[in-house]
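# Summary of the model geometry
Residue-level listing of the chains:
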Amino acid sequence: MSLPFAFHAQTSDGLSFQDGQLTVILNTESELYQKVYVRHEPDNEESLVEMKPCGKLGRLNQWSATIPVNPDKSLTHYVFKMLSDSAQHWLDARGVHNRIPPREYHFKYDALYQPPEWVNEQVFYQIFPDRFCNGNPDISVKTNEYSFRGGKRNVIAKQWGEPVSSHNSHGSLEFYGGDLAGVRSKLDYLEQLGITTVYLNPIFTSLSNHKYDTTDYFNVDPHLGTNEEFAQLCAEIHQRGMKVVLDAVFNHTSAEHPWFDRFNHYGNGAYCSEKSPYRNYYLFDPNNHYACWKGVENLPVLNFLNEEVRDYIYQAKDSVIKHWLRPPYSIDGWRFDVIHMLGEGSGAINNAYYVKQFRDSVKQENQQAYVLGEHFFEATQWLQGDQEDGAMNYYGFAHPVRAWLTGKDIAYDPISISAEEFVEWIVEAQAKVPWLNQLAQLNQLDSHDTMRWATLVNGEDALIEIGLVLLMTMVGTPCIYYGTEVNLQGGLDPDNRRCFPWEEIQNSQQIERFKKLVAMRRNHLALQQGALQILYAQDGCIAYARVHGEEAILVVINASDVPQPISIPIWKLGVESGKVICSKSGNEMNVTSGNLSVEVGSKGYFWGSIKNA
């Protein structure tokens, strides 16, 4: 059954906050409703505030009302009740319904906790340091230079571009020589791509190439560079108007960290002696078995019930979190690895408390620093404002995109969803989160933990490009995994961590296409901050608009194998007549009687600016 149209923008087009009051605007189909209310819960009880007509937008009626924000909590929930002569409808953050929707999908405004203002303007670029660029061969790891696991496994130096071995072989032990000097040498390149934030996988002292097994949190790994070099890198990044975000691994350390000392290198580690001053930094049973991350013995879990651990990581004035946020580094944010797993004991007990403490520690040092959490699945509970600013948006972006376009889920099992189901997934995931946190979600097609996008789509150029279009135009902040701009291939971890093929950047058509898509994102405020309006989802096609003020960007994607003629209801944006100017061709398409009729080629797309007549 078709439901009437109604829409509320959570941007400045439809919401304003002043002196403890929220003013909200609702758009509905003309002459359909006699009364419209905004429902909120100022004292955990329903309050219905009648909305007043405040104008027209094309064939749409506009309604307005003002409500107070909740005085006892940071979040204010609200939803719209619309009454006709014979029926009622409700609008929540997913869309229109015949009955009152569950509270988790109500619109949410957070008056106290908001993400940094700069995040949604960015295009992030994720770098796995050992595989990006070798700028100083003198500090590169040499074969047999040191060993792992109590001398049982030696490190291996490999030539740039050689195949990556599996984890069952030498995956974490082989080094290619990428370093901070290499990153610094490529800042011109990143700036030319249009990148504005550099996100680095872990750089602190560690025995592995991935460095998620930290042995020293206060020093850059000497095979990547020095603290002074990192300070210089940060300074140059900031001089270019760019940002830098670091990866933080605080749930666990290496088993060869001096605190734990699994192989008795230092003489007084937690593993070797029950009398060690660090024994309670970790979690042991009477048989000297210890808690570790997902059963990996090399990654013992930290015990946050221990105050010295809390002081060291986040609580004290000179804690790790605060140290790197200060000059001479002044990093702009932290990406917290497996943040949902840390807590008391081995089971993430009291996790919300510790995530809040991490946030407070960051914000005490820099209110505009970004608090980003890693979550492979739904992160709603961490994204209500008082914990994380945003999450690595696997659940709300990467999962549905790969399901729709590749027929694979996050575990690479088969899945089949329609265009309609894709849209439902995207909208539902967003609806559970306050709007500004939606904008601060970090969207990725792939990462150091997943198969590369170009490999996942079997190198099919049309799908590679459609993925990038979704990345640059959907709600959330785009993040590019290094090498995506040259269609770098890579299977499951660690094959997805291949060396950057610098020889392929010359005269690369992929790079030029990539630059245009990044420029599209950066040049349009609507794509950074605009409301998302789904206009069409059927037969493998979707059409949506991002709208901010006078700017409206239309995106149309056909993921099917055949051309699709479609009619797009542009009237839902308040436009009855006008033009859509296609960005790729410059062609103009007419909007007539509120509709745009267009044919989209198989596995094709277009996007353009909507101009009202």
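Residues numbered from 1 in each chain as written. Predicted model: local features only at pLDDT ≥ 70, side-chain atom pairs only at ≥ 80, totals over all residues. Heavy atoms only, no water.

With that out of the way, let us pick up the packing of aromatic side chains. For the structure shown, the criterion picks out 49 aromatic pairs. Look at Phe304 and Tyr314: their rings are 6.4 Å apart centre to centre, the planes differ by 20°, and that puts the pair in the stacked class. Of this pair, Phe304 sits in the loop between strand E20 (243–248) and helix H4 (307–315) while Tyr314 sits in helix H4, and the two are 10 residues apart along the sequence. The class of Phe304 is buried, set by a relative accessible area of 0%. According to the relative accessible area criterion, Tyr314 is buried, its value standing at 2%. (Phe/Tyr/Trp six-rings, centres within 6.5 Å; stacked < 30°, edge-to-face > 60°. Helix = DSSP H or I, 4+ residues; strand = E, 2+ residues; numbered from the N terminus. Buried < 20%, exposed > 50% of the residue type's maximum accessible area, 1.4 Å probe, protein only.)

Residue placement: Pro129 occurs in the loop between strand E12 (124–127) and strand E13 (147–148). Sequence spacing of Pro129 and Gly182 is 53 residues, and the spatial spacing of their C-alpha atoms is 8.4 Å. Beyond its immediate sequence surroundings of up to four residues, Pro129 is in contact with Gly178, Asp179, Asn201, Pro202, Ile203 and Leu224. (Contact = heavy atoms within 4.5 Å.)

To continue, consider the side chain of Asn303. Looking at the secondary structure, you find Asn303 in the loop between E20 and H4. Those residues in contact with Asn303 that sit more than four places away from it in its chain are Asn280, Tyr281, Tyr282, Leu283, Val309 and Gly345.

Our next topic: the packing of H4 against helix H6 (residues 351–365). Where H4 contacts H6, the axes come no closer than 10 Å and their chain directions differ by 45°. Taken together, the axis directions place H4 and H6 in an arrangement best described as oblique. Of H6, the residues touching H4 (which contributes Arg310, Ile313 and Tyr314) are Tyr353, Tyr354, Gln357, Phe358 and Ser361. Taken together, the residues that form the contact of H4 with H6 break down as 5 nonpolar, 2 polar and 1 charged. (Axes fitted to C-alpha atoms, helices over the stretch in contact; angles between N-to-C directions. Parallel < 35°, antiparallel > 145°, perpendicular 65-115°, else oblique. Nonpolar A, V, L, I, M, F, W, Y, C, P; charged D, E, K, R; others polar.)

Tracing the chain through its elements places His210 in the loop between strand E18 (204–206) and strand E19 (214–220). In the structure, His210 is positioned 147 residues away from Trp63 in sequence and 54 Å away in space, judged by C-alpha atoms. If sequence neighbours within four positions are ignored, His210 has contacts with Phe128, Ser172, Pro202 and Arg497. A polar contact is formed between the side chain of His210 and the side chain of Ser208, at a distance of 3.2 Å. Of note is the side chain of His210, whose polar atom sits 3.0 Å from the backbone nitrogen of Tyr212. (Polar contact = N/O pair within 3.5 Å; in protein donor to acceptor, adjacent residues only side chain to side chain.)

Quick look at the sheet that holds strand E17 (residues 197–200) now. The 8 strands lie next to each other as E23-E22-E21-E20-E17-E12-E25-E24, forming an open sheet whose pairing is parallel. Each edge of the open sheet is held by one strand with a lone partner, namely strand E23 (390–391) and strand E24 (442–444). Two strands pair when backbone bridges link them, and E24 and strand E25 (residues 477–481) are joined in this way by 3 bridges, in the parallel orientation. Directly across from Leu442, in E25, lies its bridge partner Thr477. Contacts from helix H3 (residues 227–239) reach E17 and E20, with the element oriented near 140° to E20. (Pairing = 2+ DSSP bridges.)

Time to look at the side chain of Ser447. Within the element layout of this structure, Ser447 appears in the loop between E24 and helix H10 (453–456). Setting aside residues no more than four positions away along its own chain, Ser447 makes contact with Gln126, Tyr394, Tyr481 and Asn496.

Reported here for the largest pocket is a volume of approximately 1,000 Å³. Along the walls of the largest pocket sit 35 residues, with Arg94, Gly95, Val96, Val427 and Ile534 positioned nearest its centre. Only strand E1 (6–7), strand E10 (96–97), helix H8 (419–431), helix H9 (435–439) and strand E26 (531–538) provide two or more residues apiece to the lining of the largest pocket. Along the lines of polarity and charge, the residues of the lining of the largest pocket split into 21 nonpolar, 8 polar and 6 charged. For the second largest pocket, the calculated volume is near 870 Å³. If you go around the second largest pocket, you meet 28 residues; those closest to its centre are Trp293, Lys294, Leu299, Asp449 and Asp493. The residue inventory of the lining of the second largest pocket, partitioned by class, reads 10 nonpolar, 9 polar and 9 charged. (1 Å grid on protein atoms, 1.4 Å probe; cavity = no way out; pocket = protein on both sides within 12 Å on 5 of 7 lines; lining within 4 Å. Points joined across faces, edges and corners; volume = space filled by probe spheres on them.)

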